[in-house]
Amino acid sequence: MTPILARLVGMAIVFFARFITAVRGLWQGIAPAAGRRVYFANHTSHGDFILVWAVLPPRLRRAARPVAGADYWLASRLRRFLGCDVFKAVLIDRTPSRSGPNPIEQMCAALDAGASLILFPEGTRNTTGAKLLPFKSGLYHLARNCPDVDLVPVWIDNLNRVMPKGEVVPIPLICTVTFGAPLRLHPGEAKAGFLARAEQALLALAPRKAETAS
Amino acid sequence: MTAYHGDLLTLLGGIGALLVVASVIGYLLQRRFSPDGGNTAIENLNARIQAWWAMVVLMSIAFVGGTAGVVLLFAFCSFAALREFVTLTDTSRADHWALAAAFFVVLPVQYALVWVGWYGLYSIFIPVYAFLLLPIVAALRADTGRFLVRIAETQWALMICVFCVSHVAALLLLDIPGYEGRNVLLIAFLVIVVQISDVLQYVWGKLLGRRKIAPVLSPSKTWEGFLGGTLSATLIGAGLWWITPFNALQAGALSLVVVLMGFFGGLVMSAVKRDRGVKDWGHLIAGHGGFIDRLDSVIFSAPIFFHLVRYGWSLT
């Protein structure tokens, strides 16, 4: 019963996201094809993962799993149902201890099982005025441990205006999700250099809004 | 089978035949000049024809649904248009509640008022009540940065996308003696004249266009396209008198008004797009851009057409 319900709820969420945002995927640097991929995106809103999910073709959507904090998604029955059954999130411990499972190993295991991952390397929602927060090191460790995986930068545009922090009613506005050219860790590339390169690749996808900026 | 159904079927049959001809021409052009999809003008033409099919089918379904179908169809058009419009405004976080009210209170209430035919309220609801109440909601958030620009943008978005568009649906509620039960055809008349004028201006402009009419606003509009499109659309409007409560002369005169309003409405909306630095309002309809790109001429002509008909022919 649960899998059918989870699928229906998933469809309803995608329908609602499309109704509010008329979201459109722009595949600029890579085609929407199957493959072992990590989509890494900017994070400004609770709905970010859902927009990426909504623009993936259904076949890819079923294989895509967000990486999310276990503390949040296991906190109640509803969240557990959404996180585990609907979104099939890879739940990681955001403050890993030595005794618990290693988040990087969890992600690699999910990739080895045929999933794609949706990751927010800023680590937390960006509620500052900056376009992007400095990346946490997780993306680097993932690239080093799973070297044959494509790391695809994904820019989510406008969703922060749909539902700013602290608001409960979303405003219908058109959003876009732009997929850039995939990255991999160069041989011998240092952590700081790789993370800077990944940040630049993501920022390069942000639409220029000089003409509409105040 | 009433006269109304007969007329509606004749009309839909005619439009269907027109689209079949257009589709065949588009197909032949593509095979001859753009077999690999390289000719953007022909690809665009075919995308437009396909979108036309979808629009005609949608309108037909709405017509079958009667008042409910038509009101819901145009309420959705308003919603999609407002979504496109607000996306391009500079509204800030402080406008959140005012915008939420615009989408989830003002828009449904306006269409509910149209549905029950409360002319006295729906014709002033947005120009008076929304105009006064939404700035109050915005002011309560105490962010004064570019306040006047923000509230003006919100009000203009509502007037264009909700108030004006709702007047198309409001045509259903006019009470014209001898025309009872046929008001849907009045909507068909308005939409056909406006849209065919757009198409004919495009066609005449492509065939003969030399002198640009407004090079800054809309480089594709020419005097030849404007004059040819206006004249031929007016003639077609006059020729459609049999689906209206008007005689041929009146139908032609109303068509001329509608076509001129549509043309200048298109120019105004182009100016707004230039100001915002975009080419299209959105991307929802393949080949046409967004909803507003297709609706702009209807938006400007609908309220005028509504009031002229109401003043001249309606009892309400």
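Residues numbered from 1 in each chain as written. Chains lettered and ligands numbered in written order. Predicted model: local features only at pLDDT ≥ 70, side-chain atom pairs only at ≥ 80, totals over all residues.

**Re the interface of chain B and chain A**
Inclusion rule: Any residue pair is listed as a contact if its two C-beta atoms, each placed from the backbone, are within 7 Å. The numbering of helices and of strands both runs from the N terminus, where a helix is a DSSP run of H or I of at least 4 residues and a strand a run of E of at least 2. Under the grouping applied here, Gly and all other residues not named as nonpolar or charged are polar, the nonpolar ones being Ala, Val, Leu, Ile, Met, Phe, Trp, Tyr, Cys and Pro and the charged ones Asp, Glu, Lys and Arg.
Listed as interface residues are 17 residues of chain B and, on the opposing side, 13 residues of chain A. Elements that contribute at least two residues to the side of chain B that touches chain A include exactly helix 3 (66-87) and helix 4 (96-116) of chain B. For the side of chain B that touches chain A, the class distribution of residues is six nonpolar, five polar and six charged.

**Remarks on the domain arrangement of chain B**
All names here are of chain B. What counts is decided by this rule: Here the bounds of each domain stem from an automatic or database domain assignment.
Taken as a whole, chain B is organised into domain 1 (1-64), domain 2 (67-173) and domain 3 (180-316). Computed from C-alpha atoms alone, the centre-to-centre distance between domain 1 and domain 3 is 18 Å. Between domain 1 and domain 3, the residue contacts involve ten residues of the former and eleven residues of the latter. Secondary-structure elements contributing two or more residues to the side of domain 1 that touches domain 3 are helix 1 (3-33) and helix 2 (40-64). In terms of residues, the side of domain 1 that touches domain 3 owes the most to one element, helix 2, which gives six residues. Counted by class, the side of domain 1 that touches domain 3 contains six nonpolar, two polar and two charged residues.

**Brief notes about the confidence of the model for chain B**
To keep it simple, the criterion reads: One confidence number per residue, pLDDT, is output by the predictor and ranges from 0 to 100.
With 97% of its residues at a pLDDT of 70 or more, chain B has an overall mean of 88. Among the prediction metrics, the complex's ipTM stands at 0.84, with pTM recorded as 0.88.

**Quick word on the sheet that holds strand 3 (residues 64-69) of chain A**
All names here are of chain A. Rule in force here: Two strands qualify as a pair provided that DSSP identifies no fewer than 2 bridges between them. To get an axis, fit a line to the C-alpha atoms, keeping to the stretch in contact for a helix; angles then go from 0 to 180 degrees between the N-to-C directions.
Ordered in space as 1-7-6-2-5-3-4, the seven strands form an open sheet in which the pairing is mixed. The open sheet has two edge strands, strand 1 (24-27) and strand 4 (90-92), and neither has a second partner. Here the average twist between neighbouring strands, direction ignored, is 25°. In this structure, strand 2 (residues 37-41) lies alongside strand 5 (residues 116-119), joined through three bridges in parallel fashion. Paired with Val38 across the two strands is Leu117, which belongs to strand 5. Relative to strand 4, helix 6 (residues 103-112) is tilted by about 170°, and along the sheet it contacts strand 3, strand 4 and strand 5.

**Observations concerning helix 1 (residues 2-21) of chain A**
Residue and element names in this part refer to chain A. Spelled out, the test is: A helix is expected to span 1.5 Å for every residue after the first.
Here helix 1 spans 28 Å end to end across 20 residues, near enough to the 28 Å set by a 1.5 Å rise per residue. For helix 1, the elements touching its buried residues are helix 2 (48-55), helix 5 (77-86) and helix 8 (159-162). Looking one or two residues past helix 1, Ala22 carries a phi angle of roughly 45°, positive in sign.

**Observations concerning the environment of Phe226 of chain B**
Residues and elements named next belong to chain B. Structurally, the position occupied by Phe226 is in helix 9 (residues 223-239). With 33 residues separating them along the chain, Phe226 and Val259 place their C-alpha atoms 9.8 Å apart. When neighbours within four sequence positions are excluded, Phe226 is seen to be in contact with Gln201, Ile213, Lys221 and Phe263.

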